[in-house]
Amino acid sequence: MEEIKMVNLFYPNEEAKNSKLKNTEYYKQLGFDQGLIFGTMRLFGSLGDSNKIIDYVTTDIETIKYRQQVFDDFKKNTTFRASIEKIIPHLQELLDMRKQNKESGDTTAHLYSICDMDLYFTTLTELDSIFKEATGLQSQALIDFGKFIAEKVSAPEFADMQKRVAAAMDEVKNIKSITIGINLDAQLYPKEAGIVSINKDVYKSGNVVDKVLRAEIKNDEYTCMSPLEIVTRGMAPDEVNAVYDALNNALDVMYKASVKKFQPMVAEFLAENLDFLSDIVEQLTFYTAGCMLFDKLKVSYRLGVTKPVIHSMKEHVLHLSGVYNPIYAIRETKRDLVVNNVIFDRVGDIYVLTGGTKTGKTLFTQSVGIAQIMFQLGMYVAADKAEMSPVDNVFALCPMDTGDKNRKLVENDCAMISEMLPQITSDSLVLFDGVLAAASNVEATYILENVLENIAKKNGRGILSTAFADIAESADEINRKANGSKIDTLVARVENERALYIMDRERPEGGIFAKEIVQKYNLAAE
């Protein structure tokens, strides 16, 4: 048999699997670990053996395009998508059942192995029908997967094994009666008994006369010479248990003899034909749950979802219009959420975002990082429009502000930043929100000036969101000293002491006001 080539719905080729982000701390820092649940589908959430999504964030443009095309097909072909959603639990059941069976006893395992095969045939046949009935699929991944399933279902080995399993299932499921042979002692008391045969027909009540004289009954093996009696009539409870135990033990031996011969054959067949399902279930769940996320955002919350225009990594493009935090929107069930725009350009590679508490700085900073990760997962992103380049790493640090002024907390933040700095390149995205909140204004400003200068010298890009407005006043001086990435400023808009959650590209008002006062009252030093 010629081996059928395995299909991967995440990667166009084996080499693409190596294009990963090395740093993974961003996952928790950006809030992905909170997870999103859509019925039985889970997207993001806690990492583990059943959720390896962090491994699928890629830097490879061809992989991003490959996945975007799959999402295109799922979004356009709603009937196809609904059928895939419906079959995913059956695929998962097959995997779970197989795992459980490995822990079962001998005879039970043999019986379960046949059930595994029956479920396998039913599921793959149904999956093949779904792809055959689908129209207009354009993505190479789904086209190839449809061919892969069709080849499996049409293979001679599939039909041959299906016949064998059907025969085995028939042998087990259609047992209607058993014939028991009983040896008697000299006093005609039962001495020992054993099963003579297992039968597909039931025994019927009769009598001696009919059995001897009536031709149509005489040759009927299943008509008794006396009326049928309830087996345990007149027995004490312990005697009833003894009878059932004896029968069950005898039947266990019969079952084992009937199905044991299939177990090695089934195990070998499933080992060769079931491995692909483990990855496929996870991949199909990712695409269907992703589409559920898009629909939820667009329909339920009236928010934009878009397929990003892809640029090369070296172009360093990050243009987002109408960007927002999708995890926050769904968690808090926010409709018509305030959205923002951000463009990284020659005069603004690094933004210092300032503003008061509860003005949306954290949500905005995280929304940019979430959009970047969704893009590099090959997903549509939470924005109205997007043009993006992949980055080699996302360095996110968003510590929770406890309100304490504590040097240990300051050193913890500094230690984490120090670990990140050597890894940052011109192709990286840096997102710091609320770092050094435990420091004084003077301490934080001095430390952050040095951090920004280091990042700028590496030609890095990113956002520093902080309540320390003084750092924004250092932007021009840092630009002069670093001679690298240009630092610009964003301000969280507030009107009439009310936060609007909009980030404006401008200098903080406090600094502008101070300069105007110095000039107005002639306070400048000579």
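Anyway, here's the lowdown on the structure attached to this text. If you're wondering where the values come from, they're calculated on a predicted model, not measured in any experiment.

How each quantity is defined
- In this convention, every chain numbers its residues from 1, walking through the sequence in written order.
- At least 70 in pLDDT is required for a residue's local features to be given in this predicted model, at least 80 for side-chain atom pairs to be given and counted, and no such filter applies to totals for whole chains, interfaces and linings, which use all residues.
- Heavy atoms from the whole structure form the basis of all side-chain values; hydrogens and water molecules are not counted.
- Note on classification: 1.4 Å probe, protein chains only; a residue is buried when its accessible area is under 20% of the maximum for its type, exposed when over 50%, partly exposed between these limits.
- Working definition: helices are DSSP H or I runs of at least four residues, strands are E runs of at least two. Numbering for both runs from the N terminus.
- Two strands are counted as paired when DSSP detects at least two bridges linking them.
- By convention, a crossover is right-handed whenever its connection, traced from the first strand over the helix to the second and viewed with the strands pointing away, goes clockwise.
- Contacts between residues were defined by any pair of non-hydrogen atoms, one from each residue, lying within 4.5 Å.
- Among buried residues, the Ala, Val, Leu, Ile, Met, Phe, Trp, Tyr and Cys ones that are joined through side-chain atoms within 4.5 Å form a nonpolar core.
- The salt bridge definition used is simple: a Lys or Arg side-chain nitrogen within 4 Å of an Asp or Glu carboxyl oxygen.
- Under this scheme, a helix contributes an axis fitted over its contacting stretch, all axes are lines through C-alpha atoms, and angles between N-to-C directions fall in the 0 to 180 degree range.
- Directions are taken from the helix axis to each C-beta atom, and the arc is the one they span.
- The span expected for a helix works out to 1.5 Å for each residue beyond the first.

Moving on to the pairing of strand 11 (residues 429-433). Burial of strand 11 is extensive: five of the five residues sit out of reach of the surface. Here strand 11 shows no split at all, with Leu-429, Leu-431 and Asp-433 on one side and Val-430 and Phe-432 on the other all buried. Across four bridges, the pairing between strand 10 (residues 394-397) and strand 11 is parallel. Of the residues in strand 11, the one forming a bridge with Leu-397 is Phe-432. For the crossover from strand 10 across helix 14 (residues 407-420) to strand 11, the handedness is right-handed. In the sheet, strand 11 pairs with strand 12 (residues 461-466) via five bridges, with the strands oriented parallel. Opposite Val-430, over in strand 12, you have Gly-462 as the bridge partner. Read from strand 11 through helix 15 (residues 441-457) to strand 12, the crossover connection turns out right-handed.

Quick look at the environment of Asp-33 now. Relative to the helices and strands, Asp-33 resides in the loop between helix 1 (26-29) and strand 1 (36-38). For Asp-33 and Ser-46, which are 13 residues apart along the polypeptide, the C-alpha to C-alpha distance reads 5.1 Å. Excluding residues that lie within four positions of it along the chain, Asp-33 makes contacts with Tyr-27, Lys-28, Gly-45 and Ser-46.

By size, the foremost hydrophobic cluster in this structure holds 106 residues, and its most contacted members are Tyr-26, Phe-145, Leu-293 and Met-379. Top element by residues in this core is helix 11 (residues 275-300). It accounts for 13 residues. If near-sequence neighbours (up to four positions away) are discounted, Met-379 is found in contact with Leu-43, Phe-44, Phe-71, Phe-286, Gly-290, Leu-293, Phe-294, Pro-308 and Met-374. Of all hydrophobic cores here, the second largest spans 29 residues; its members include Leu-397, Phe-432, Leu-436 and Ile-471.

This next bit is on the pattern of salt bridges. Evaluated as defined, the whole model comprises 18 salt bridges. Taking the shortest distance from any N to any O, the salt bridge between Lys-17 and Glu-14 comes out at 3.2 Å. Its relative accessible area of 28% is what places Lys-17 among the partly exposed residues. Each member of the salt-bridge network shares a partner with another, and the members are Arg-81, Glu-85 and Asp-295.

Two orientations exist for strands paired in a sheet by backbone hydrogen bonds: parallel and antiparallel. Taken in spatial order, the four strands make up an open sheet running 5-9-6-7, and their pairing is mixed. Where the open sheet ends on each side, the last strands, each with one partner, are strand 5 (309-310) and strand 7 (340-343). Looking at chain direction, strand 6 (residues 318-323) and strand 7 are connected through three bridges and run antiparallel. Looking at strand 7, one finds that Val-323 is bridged to Asn-340.

Read from one edge of the open sheet, six strands run 10-11-12-8-13-14, paired in mixed fashion. Each edge of the open sheet is held by one strand with a lone partner, namely strand 10 and strand 14 (498-504). Between one strand axis and the next, the sheet turns through 15 degrees on average, direction left out of account.

This paragraph deals with unusual backbone geometry. Unlike most non-glycine residues, Leu-188 shows phi in positive territory, near 65 degrees. Along the chain, Leu-188 falls in the loop between strand 3 (177-184) and strand 4 (190-199). On the basis of relative accessible area, Leu-188 is assigned to the exposed category, the value being 62%. Of note in this structure, Tyr-501 is not a glycine but carries a positive phi near 60 degrees. Along the chain, Tyr-501 falls in strand 14. The exposure class assigned to Tyr-501 is partly exposed, which follows from its relative accessible area of 40%.

Taken residue by residue, helix 16 (residues 475-482) has Ala-475, Ile-478, Asn-479 and Ala-482 as its buried positions. Taken end-on, helix 16 shows its buried residues confined to a sector of 100 degrees, consistent with a single buried face. Where helix 16 is buried, its residues contact helix 15 and strand 13 (487-495). With its phi angle positive at about 50 degrees, Asn-483 sits one or two positions after the end of helix 16.

Let us look at helix 13 (residues 361-376). A rise of 1.5 Å per residue sets the reference length of helix 13, with its 16 residues, at 22 Å; its end C-alpha atoms lie 23 Å apart and thus fit the reference within 8%. With respect to burial, helix 13 is a largely interior element, 14 of its 16 residues being buried. Where helix 13 terminates, the next one or two residues include Gly-378, which has phi positive at roughly 85 degrees.

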